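Residue strings, one per chain:
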Amino acid sequence: MSPDATPPGTPVASTLSGGKTVEPVREVLWGTSAGIRKYETAEEVPAEMRKLLVKLMVVQADTEFASVQQHRPWLDRAPTLEDRWIEARIVADEARHGLQACRILRDFGEEGQRWIDELLTKHEGEHKLDAFNMKFDRWSDVGAFTCFVDRVGVYQLRAFQECSYGPLARAMPLMLSEEQLHLNFGGSVLRRMVQEAERYYGSPEEAQAAVNKWYPRALDMFGHSQSETSRRAIEFGLKRWTNEEARRRYIEEVSGLVRSVGLELPPEGFDRHVL
Ligand SMILES: [Fe+2]
Ligand SMILES: [Fe+2]
């Protein structure tokens, strides 16, 4: 299977296909170790790959715990009862995703535990990526964040799907299905603000301002175009796409979506920090 076999944006590939249970894939599918059995324990993972895997899991867990902090104030401020319930689900899901990434870190013994201890002390504003240090000042921030930033999260998770570290690969289907709820919810909040503002909440102008605020941060999340780390992650069989490949696909996906809602994306270079 080539790294391109399952493009982001296709339905979540689970272990079920056509009603039949498919055996989990046991071999590394791409990169320099393609064809050998996947790494199943931390002890088997080569030193260089270990460093990168730990780094990726620290960033993953950091974003999950950060989004719990960002969503928390909206648990009892979201405009409708259903919105409050979905906020509660999102907070529970993100906390579980953080736990999931920390379980992988735990495989790495003392080193992993040191990272977990540090992650648990992080406050708002101290996180690694800009998008997770910004507050949700308005309800439209919740809509645009889940629509754009969670969607980047889905691209990152899809890049880990069937990766060379077995425990991580097996965590993906559930995380992906939970994330799907978040980004669909975000799209629905923005759509209702544009198309049903009188009955719902906010206004098309507020929704557009939120798009302009979060879309550039979402594009930045893919990382530098010429990233050496993303190239090595593919070699190790950990990720499927380079940062730039994933960003291209994402832009294509959200362009159609935002247009269909009645909003516009700012130009790709608008307010960008990571190129
Ligand atoms: Fe998450
Ligand atoms: Fe999410």
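These figures come from a predicted structure and were not determined experimentally. (Residues numbered from 1 in each chain as written. Chains lettered and ligands numbered in written order. Predicted model: local features only at pLDDT ≥ 70, side-chain atom pairs only at ≥ 80, totals over all residues. Heavy atoms only, no water.)

Comments concerning the nonpolar core
Formed by 41 residues in total, the largest nonpolar core has its most connected members in Trp 139, Phe 148, Val 149, Leu 190, Trp 214, Tyr 250 and Leu 263. Where this core is concerned, the elements lending two or more residues are α2 (81-106), α4 (139-160), α5 (166-195), α6 (204-220) and α8 (243-261). Take this core: its biggest share by element is 10 residues, from α4. For Tyr 250, the contacting residues outside a window of four places in its chain are Phe 148, Arg 151, Val 152, Tyr 155, Tyr 215, Ala 218, Leu 219 and Phe 222. (Core = buried A, V, L, I, M, F, W, Y, C linked by side-chain atoms within 4.5 Å. Buried < 20%, exposed > 50% of the residue type's maximum accessible area, 1.4 Å probe, protein only. Helix = DSSP H or I, 4+ residues; strand = E, 2+ residues; numbered from the N terminus. Contact = heavy atoms within 4.5 Å.)

What to know about helix α3 (residues 109-119)
One turn of an α-helix holds 3.6 residues; hence residues three or four places apart share an orientation. Buried within α3 are the following residues: Gly 112, Ile 116 and Leu 119. Axial view of α3: buried residues confined to an arc of 60°, hence all on one face. Facing away from the buried surface of α3 by more than 90 degrees, the exposed residues are Glu 110 and Arg 114. Against α1 (47-71) and α2 lie the buried residues of α3. (Arc of directions from axis to C-beta.)

So, helix α7 (residues 228-235)
Those residues of α7 not exposed but buried are Ser 230, Ala 233 and Ile 234. Taken end-on, α7 shows its buried residues confined to a sector of 100°, consistent with a single buried face. Those residues of α7 that are buried lie in contact with α1 and α8. Backbone nitrogen of Thr 229 and a side-chain oxygen of the N-cap are separated by 3.2 Å at the start of α7; the cap is Ser 227. (Polar contact = N/O pair within 3.5 Å; in protein donor to acceptor, adjacent residues only side chain to side chain.)

Quick look at the coordination of the iron ion (ligand 2)
The protein atoms that coordinate the iron ion (ligand 2) are Glu 94 (OE), Asp 150 (OD), Glu 179 (OE), Glu 179 (OE) and His 182 (ND1), at distances spanning 1.9 to 2.7 Å. Mapped onto the polypeptide sequence, the residues donating to the iron ion (ligand 2) form the spacing pattern E-x55-D-x28-E-x2-H. (Donors = N, O, S within 2.8 Å, 3.2 Å for Na, K, Ca; no water.)

As for the coordination of the iron ion (ligand 1)
Here the iron ion (ligand 1) is held by the protein donor atoms Glu 64 (OE), Glu 94 (OE), His 97 (ND1) and Glu 179 (OE), which lie 2.0 to 2.3 Å from it. In this structure, the iron ion (ligand 1) is surrounded by 4 donor atoms whose angles at the metal cover 83 to 163°, and the resulting shape is irregular. A separation of 3.6 Å is found between the iron ion (ligand 1) and the iron ion (ligand 2), which share Glu 94 as a coordinating residue. Residue Glu 64 is located in helix α1, and its partner Glu 94 is located in helix α2; the two are separated by 30 residues in the primary sequence. Both residues of the pair, Glu 64 and Glu 94, count as buried. (Tetrahedral: all angles 85-135°; square planar, octahedral: opposite > 155°, others 65-115°.)

Structural notes on the pattern of salt bridges
All told, the structure shown has 24 salt bridges when counted by the stated rule. Residue Glu 253 pairs with Arg 151 through a salt bridge whose shortest N-O separation is 2.8 Å. Of this pair, Glu 253 sits in helix α8 while Arg 151 sits in helix α4, and the two are 102 residues apart along the sequence. With a closest N to O distance of 3.2 Å, Arg 217 and Asp 271 form a salt bridge. Placement of the pair is Arg 217 in helix α6 and Asp 271 in the segment after α8, with a sequence separation of 54 residues. With a relative accessible area of 4%, Arg 217 lands in the buried category. Assessed through its relative accessible area of 39%, Asp 271 is described here as partly exposed. Overlapping salt bridges, with partners in common, bring together Arg 217, Asp 220, Asp 271 and Arg 272 in one network. (Salt bridge = Lys/Arg side-chain N within 4 Å of Asp/Glu carboxyl O.)

As for unusual backbone geometry
The residue Glu 162 is not glycine, and still its phi comes out positive at about 60°. Examined against the element boundaries, Glu 162 turns out to sit in the loop between α4 and α5. Phi at Asp 271 is positive, roughly 55°, even though this residue is not glycine.

Section: the packing of α2 against α5
It is at 10 Å that the axes of α2 and α5 come closest, and there the two elements cross at 155°. Comparing the axis directions of α2 and α5 gives the class roughly antiparallel. The two elements α2 and α5 meet at a crossing, and its hand is left-handed. Each of Asp 83, Ile 86, Glu 87, Arg 89, Ile 90, Asp 93, Glu 94, Arg 96, His 97, Gln 100 and Ile 104 in α2 lies in contact with α5, whose residues at this interface are Pro 167, Leu 168, Ala 171, Leu 174, Met 175, Glu 178, Glu 179, Leu 181, His 182, Phe 185 and Arg 192. For the contact of α2 with α5, the class distribution of residues is 10 nonpolar, 3 polar and 9 charged. (Axes fitted to C-alpha atoms, helices over the stretch in contact; angles between N-to-C directions. Parallel < 35°, antiparallel > 145°, perpendicular 65-115°, else oblique. Left-handed = near helix turned anticlockwise from the far one by under 90°. Nonpolar A, V, L, I, M, F, W, Y, C, P; charged D, E, K, R; others polar.)

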